[in-house]
Amino acid sequence: MYLNCKTVYSFCYGTLTTKELVELAMENSVDTLALTNINSTYDEWEFVKLCREKNINPVLGVEIRNGHKLCYILLSKNNTGLRWIHEFLSAHLTTKTDFPFVLDELVDVFTIYPWGTKDISDLTANERIGIRSAQVPKLFNQKDLSAFVILQPVTIQENQTIVNDQGITETIDYYYLHCLLRAIKNNTVLSKLENSWCATRDETFVNPTTLFNTFKNHYALVTNTYRLLESCTIEMDFQDDKTKQIYGGSRQDDFILLEKLSRQGLYRRYGKKNKLANERLQKELKVIYDLGFTGYFLINHDMVQYSLSQGYYHVGRGSGANSIVAYCLGITDVDPIELNLFFERFLNAERTSPPDFDIDFSYTDRDDVMEYLFTRYGKQHVALLGSCPTFKSDSIIRQLGKVYGLPDEEIKTLQRTNTPTCAKTKKILQYGPLMRGFPYNPSLHPCGVLISNEPILNFTSLFMPPKGMPTTLMDMFTAEDIGLNKFDVLSQRGLGHIRESLSLIKQNHGKEIDIHDVKKFQRDERVKKQIREANTIGCFYIESPAMRQLLKKLTCDDYSTLVAASSIIRPGVAQSGMMRTYIERYHQPEKVEYIHAMFKEHLSETFGVMVFQEDVIKIAHYYGGISLGQADILRRAMSGKYRSSNKFNEVKKDFFDSAIALGRDPAEVTEVWRQMESFAGYSFNKAHSASFAVESYMSLYLKTYYPQEFMVAVINNFGGFYSRELYFLELLKCGGKIEAPCINHSDHYTNIHRSRVYIGFIHIKGLQDKLIEKFLEERKINGEYLHLQNFIERTGVGLEQLNTLIRIGAFRFTGKSKKTLLWEANFLQKKIMVEAPEVQPLFHEEPLTFQLPELIDQPIDDLYDQMEIMGFTIGNPFAMADAEPADFIAAKTMPSHINKTVAVLTYFIARKHVTTKNDDQMFFGTFVDNELEWIDTVHFPDVAKKYPLHTSGFYKIKGKVVADFGVVSLEVQQMERVHYKKRSYDRF
C-alpha cells in the first residue's frame, strides 16, 4: 500500500525521519513498506535495519525527478534491481544530466508512472500507473485495472497539537514546515513559493482502512499494490567486512609481504638486535593476521609509498601510531616503544572493525593521492565518503529569517536573544526547532575514502560534489555500521608549510633536508631552546597563544613533555583543572601523592594525572585487572560511543568486580572509577599527541635554521592560527627584507631570494587573477617591463587595476613618485587603449615624457595605501599609531614589574572569548608592542563589558602585571583605543 514514502533524506522535502516513518508503519500494522526518497538512497541501510527490528518487510527504491517534475518511482524487486537503481541514479547524479522521462523495459525493477505520463497500452510487464486518492474518479470508465496501483505518497506527518514550554496549546502544521523547507531549498521568500515546488497536503501516512474505503469500488488496485510490494525482497548484510581485504593474490601472500616489509622497516628503525622491538613486531603481526586486517595495512603502506615516490610529505597520526608495524612500514614516524604506546589502543582481539589510520598530506598533494587510489584499485571499487550536514540552531534562524524576508540585523538579534518580536519571528521559533538535525544536502566527508571488496554500487549510489570525484550517498556512520571502513586521507596546511620550506631552502641554499629524521630534531639544542622560549609562530599545533604560554610554563624542551602538552592544552583538560594540576606536579614531582601504587608505577610519566586515553587503559588493566581488550572497550564506552547501549554498564560492572576481587578497597575503586570516567571523556589519544609533536618538530627545525624560508612558506600556504599580517611581522623579526609587490620581481605568491622577500600579487585586494597570469606570462616570455608605458602596451591593463598596482608601489623601479605615475597612467592608459595596434611592434618606442611639478609621496600615505590594498603594512605598524611608544613600558621589561600597575602601547593580534560559570563574557587578548614583542592580556567580565576589544588597531592598556609559573601577563584595568595618524592631506 505504501510504495512512495519519503523521509528527511529527500533533502528539504520530507519532514519524517527514517525512524518516524518506520514507527508510523508499525503503529498502523503495516507489514511491507517502501522507501523512495527523491533522487536519493541516503538512508536505505538505516531503513532496512529499522524495518527488520519492527518485523516489517522493507522495499527499496527511489523517486526520480527532474527539478520539480516527477518522472516515475522505481522499486527494486531484488538486489540486482537495487544495484541497477544505484547505477542509474549515479550515472545521472555524477554527470549532472537530466533523467529520461520514459525508461526501456526493466527486468528487476518496477517502474510506477504517475497518471497521464505514459499511455497504458505502452506499459511493459514491470511498469505500472500510480493512482492517487484524488484521481479515483478518473477510473470510472477504466475496465482493465491490472496495470494500476495505489499511489499514496508519504511526505509529511498529520498536524499535531502540543503544549509548548509556556504551557500554551498550539498546533504544529507539518505541511507548513514542508513549505518552509521548500522555500529554503529554492532560496526564495515564502510568499513567492510556487505550488508546483511542493507536495500536497494529503501526502500523509493515511490509515490502511481509510485507503481501502477510498478504493472500495476499485479493489483490484489494492490487490495489485499488495502483490507488487510482496514480490519485492532485499537482502542486506550488516555483518561481513566489505572493505577490500586482499591486497595481492591471497590472504597468505599478503601476510608474507607485510611481514617482509615490516622486518625491513624494523632493521631500519631499530637495527637487527633489538629484542623488545622484534617481539612486539611478531605479536602485532599475529593480531593483524588473525583479525584479517593485513590488506588494510598494505593498502595504507601502498598509499604512503606512492606519495613518497611523488616527493610528497605525510604525517601518520591518530591511534595508528600505537602500532610498531605502522612505524616500521613508514606510515607513521612515532616510535611506540619510545613512548610506551599500547597497541591494544589501536587494535585488539575484541575489536571487529579496523581503526582508522589518519594520514595527513599537504593540501596541494592530497587530491593526487586520492586519484591514485581510484586508479590503483579501480573506479568500480573506490569512492569518496559522503556526509550529511544538518540544520543547527543559528543556521535555522538564518535560513528561516531569509524565507520571511527579515533584515539581517533582525536575524542576528533573534539568533542572540531567541526572543520573538513579531508574528514572523514567533513562527521561526515555533517551527525552527522541528528542523533541528534535518539534513539539508548531501555533502563530502573531509577525508574519507572507501575501497570496497565488491563494486561500490552494490552498497550505495554516488553523486558528484564540487570536489570532482564520485562520492557515496552514505555517511561514515552507515559505512562503519555495514562494514565499509574508510581510509582517512587528510590534508592540512602545516604540511604545505613544510613542503614549500624544503623547496625554498633547496632553491636558496642548495640544501636538501631529510624531514623525517625527527629524532635528530628532538636532540637539537637550538630547537630545544626555541620550544622553551615558545618561539613557535607558524609551527603546527604549537603556535597559539595558549600553547605558547603552556610551553613556557612547562619550560618544555623535550619530546615527551611536548607530547603531553599537545593533550593537556585541549579545552576539556584545561576546564577540569587538570592542566594546572599537571603543571604543578611537573615542577614539584617530589610532592605528588598517588592514590595507589599502580598509579605511581604506570602514570609516573604524567605525575599521576590521566592525560591520555592510554592512561585509562593502563589503570583499567593494571589496577582494575580487566584485559587490555576490555580496557579499550571501556575507554571507548567512556568517550560516549557506547553510552546509549548496555555495553558501558557491563564493562563498569566487570571493572568493579575485577578490582574488588584483586583486594582493592571499594571506596578507593569508586574514586578511581570517578577519575577514569571524568578523564576519559576529554583526554587525548597519546599516539595522536605524539604524531602532532612529530610534525611540530619538523616545523620547529625549519623555523630554527631557515626562519625566512619557513615564514614565506607559511605565508604562501595561508594556514595557521594568526592572520597573514602577523606572519609578515614574524618574517620581519627574523631578518627578512620585505619589499612591496613589484611588477618585475614579484610573483603570484610571495618569493624569497637570499633574504630579500617580494610580497606576492595574491595579497593585493581586487587584483584580478586573469590579469596577474597575463602580465606574469608576458614577463616570462618577453622580459622585464621597461617603464609604465611599456607595461600598459604589453598587457592592456585597465585603469582601475593599473591604479591599484601604482598605489601599492609596483612601479617604484621607475624612480618616479606614485603621484606622478598616477597622473601619467590616467593619460597613457586612455591614449594607448584608443590607439593600440592589433599587432605588438617589434621594437619598443621611447616613452612619452611629461612636464609635471614635483609630486612627492609621503610615508604615512604609503602606509595607508598598504593597509587599504593589502590589509596590513609593510614593516612595523606602529609608524601609524598616533601615540609615542617611548611613553609606555616595553613588553620585555614587564617581568620587572610583577604585581605593579603599568601602561603599555599595543597592537591587536588575536583574542579568545570565554564564558564563565555565571554566563558572563571575558576574554584573553594577544598583542605586540612597538618592538614586536608579545603582550598577553586577561580581561575579566567587568572590564570586558566596560572596555570593548575590537579586532584590529592600537590600544593604550593599563593593568596589573601578574606571573603564573613564570609566564607574565597583564590583568587589564583600563583600555583606550589609539587613533591612527592622519594622512598627509588630512592635516590641512
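Just above sits the structure.
Residues numbered from 1 in each chain as written. Predicted model: local features only at pLDDT ≥ 70, side-chain atom pairs only at ≥ 80, totals over all residues. Heavy atoms only, no water.

So, on to the overall build of the protein chain. Along the backbone of the protein chain there are 36 helices and 23 strands. Against the 2.2 N^0.38 benchmark of 30 Å for 988 residues, the protein chain shows a C-alpha radius of gyration of 34 Å, consistent with a compact globule. Dimensions of the protein chain along its principal axes, counting C-alpha atoms only, are 100 × 90 × 65 Å. Across the 988 residues of the protein chain, 54% fall into the buried class. (Helix = DSSP H or I, 4+ residues; strand = E, 2+ residues; numbered from the N terminus. Rg over C-alpha atoms; globule rule 2.2 N^0.38 Å. Buried < 20%, exposed > 50% of the residue type's maximum accessible area, 1.4 Å probe, protein only.)

Soluble globular proteins tend to pack their nonpolar side chains together in the buried interior. Formed by 112 residues in total, the largest nonpolar core has its most connected members in Phe775, Leu805 and Phe811. Broken down by element, the residue count for this core peaks at 9 residues, all from helix α28 (residues 686–705). If we ignore the near neighbours within four places in the chain, the residues touching Phe775 are Ile743, Phe761, Tyr785, Phe791, Thr795 and Leu805. Judged by nonpolar contacts, the second largest core, of 96 residues, contains Trp45, Leu60, Leu414 and Phe459. (Core = buried A, V, L, I, M, F, W, Y, C linked by side-chain atoms within 4.5 Å. Contact = heavy atoms within 4.5 Å.)

Moving on to the environment of Leu221. Within the secondary structure layout, Leu221 lies in helix α6 (residues 219–230). Of the residues examined, Leu221 reaches a relative accessible area of 0% and is grouped as buried. Separated by 99 residues in sequence, Leu221 and Gly320 place their C-alpha atoms 58 Å apart. Ignoring any residue separated from it by four or fewer positions in sequence, one finds Leu221 in contact with Ile131, Leu139, Leu145, Phe148, Val149, Ile150 and Phe215.

For the rest of this paragraph, the subject is the sheet that holds strand β17 (residues 751–753). Read across the sheet, 3 strands follow the order β16-β18-β17 without closing on themselves; strand pairing throughout is mixed. Every interior strand has two partners, whereas the edge strands, β16 (737–739) and β17, have only one. On average, adjacent strands in this sheet sit at an angle of 25° to one another, irrespective of strand direction. Of the strand pairs in this sheet, β16 and strand β18 (residues 756–758) are connected by 3 bridges, and their pairing is parallel. If you follow Ile738 over to β18, its bridge partner there is Val757. (Pairing = 2+ DSSP bridges. Axes fitted to C-alpha atoms, helices over the stretch in contact; angles between N-to-C directions.)

Time to look at the packing of helix α9 (residues 294–309) against helix α11 (residues 366–377). In a packed pair of helices, the relevant descriptors are the angle between the two axes and the axis-to-axis distance. One can describe the packing of α9 onto α11 by two numbers: an axis separation of 10 Å at closest approach and a directional angle of 125°. Relative to α11, α9 is oriented oblique. Handedness of the crossing formed by α9 with α11: right-handed. Residues Ile299, Asp302, Met303, Tyr306 and Ser307 of α9 touch α11, and the partners they reach there are Asp368, Val369, Tyr372, Leu373, Arg376 and Tyr377. (Parallel < 35°, antiparallel > 145°, perpendicular 65-115°, else oblique. Left-handed = near helix turned anticlockwise from the far one by under 90°.)

Pairing is mixed in the closed barrel, where 5 strands are placed in the order β19-β20-β21-β23-β22. Across this sheet, the average inter-strand angle for adjacent strands is 50°, counted without regard to direction.

What follows deals with the side chain of Asp475. Mapped onto the fold, Asp475 is located in the loop between β14 (471–472) and α15 (476–482). At 11 Å, Lys486 is the nearest oppositely charged side chain to Asp475, a buried residue that forms no salt bridge. Reaching out from Asp475, the side chain makes a polar contact with the backbone nitrogen of Phe477 at a distance of 3.1 Å. Here the side chain of Asp475 touches Thr478 through a polar contact of 2.9 Å, landing on its backbone nitrogen. Each residue touching Asp475, except ones within four places of it in the same chain, is listed here: Tyr42, Leu385, Gly386 and Ser387. (Lys, Arg positive; Asp, Glu negative; His and termini not counted. Salt bridge = Lys/Arg side-chain N within 4 Å of Asp/Glu carboxyl O. Polar contact = N/O pair within 3.5 Å; in protein donor to acceptor, adjacent residues only side chain to side chain.)

Right, let's talk about the pattern of salt bridges for a bit. Should the charged atoms of two oppositely charged side chains come close, the side chains can pair. Counted according to the given criterion, the structure contains 44 salt bridges. Here Asp360 makes a salt bridge to Arg317, at a shortest N to O gap of 2.4 Å. Of this pair, Asp360 sits in strand β10 (residues 358–362) while Arg317 sits in strand β9 (residues 314–317); the two residues are 43 residues apart in sequence, bridging distant segments of the chain. Judged by relative accessible area, Asp360 falls into the buried class, the value being 1%. Lys818 is the salt-bridge partner of Asp862, the closest N and O atoms lying 2.8 Å from each other. With Asp862 in helix α35 (residues 859–870) and Lys818 in helix α34 (residues 818–835), the pair connects residues that are 44 residues apart, well separated along the chain. Overall, the relative accessible area of 23% leaves Asp862 in the partly exposed class. Three or more residues joined by partner-sharing salt bridges are found here, namely Arg807, Lys818, Asp862, Asp865, Glu868 and Arg983.

Moving on, we get to the packing of aromatic side chains. Per the stated rule, a full pass over the model turns up 47 aromatic pairs. Three or more aromatic residues link up through ring pairs in this structure, and these residues are Phe761, Phe775, Tyr785, Phe791, Phe811 and Phe813. The lysine or arginine in question, Arg548, covers the ring of Trp934, its NZ or CZ lying 4.1 Å from the ring centre. (Phe/Tyr/Trp six-rings, centres within 6.5 Å; stacked < 30°, edge-to-face > 60°. Lys NZ or Arg CZ within 6 Å of the ring centre and 35° of its normal.)

Once that is clear, we can look at unusual backbone geometry. A positive phi is found at Thr555, a non-glycine position, where the angle reads about 45°. For Arg754, which is not glycine, the phi dihedral falls at a positive 60°. Among the secondary structure elements, Arg754 is positioned in the loop between β17 and β18.

Burial analysis of strand β5 (residues 127–131) places 5 of its 5 residues in the buried class, which makes it a mostly covered element. Because side chains alternate across β5, one face comprises the buried residues Glu127, Ile129 and Ile131, and the other comprises Arg128 and Gly130, equally buried. As paired elements, strand β4 (residues 109–114) and β5 share 4 bridges and run parallel to each other. Opposite Ile112, over in β5, you have Arg128 as the bridge partner. Alignment of β5 against strand β6 (residues 148–150), held across 3 bridges, turns out to be parallel.

What follows concerns the pairing of strand β19 (residues 901–915). Where β19 lies against strand β22 (residues 954–964), 7 bridges are found, and the strand directions are antiparallel. Each residue of the ladder has a partner; that of Tyr907, found in β22, is Phe954. Pairing of β19 with strand β20 (residues 921–928) involves 8 bridges; the strand directions are antiparallel. By the bridge assignment, Thr915 is partnered in β20 with Gln921. If you look at the hairpin formed by β19 and β20, you'll find 5 residues sitting between the two strands, and Asp919 has a positive phi there, around 65°.

Purely spatial values, then, with no claim about function.
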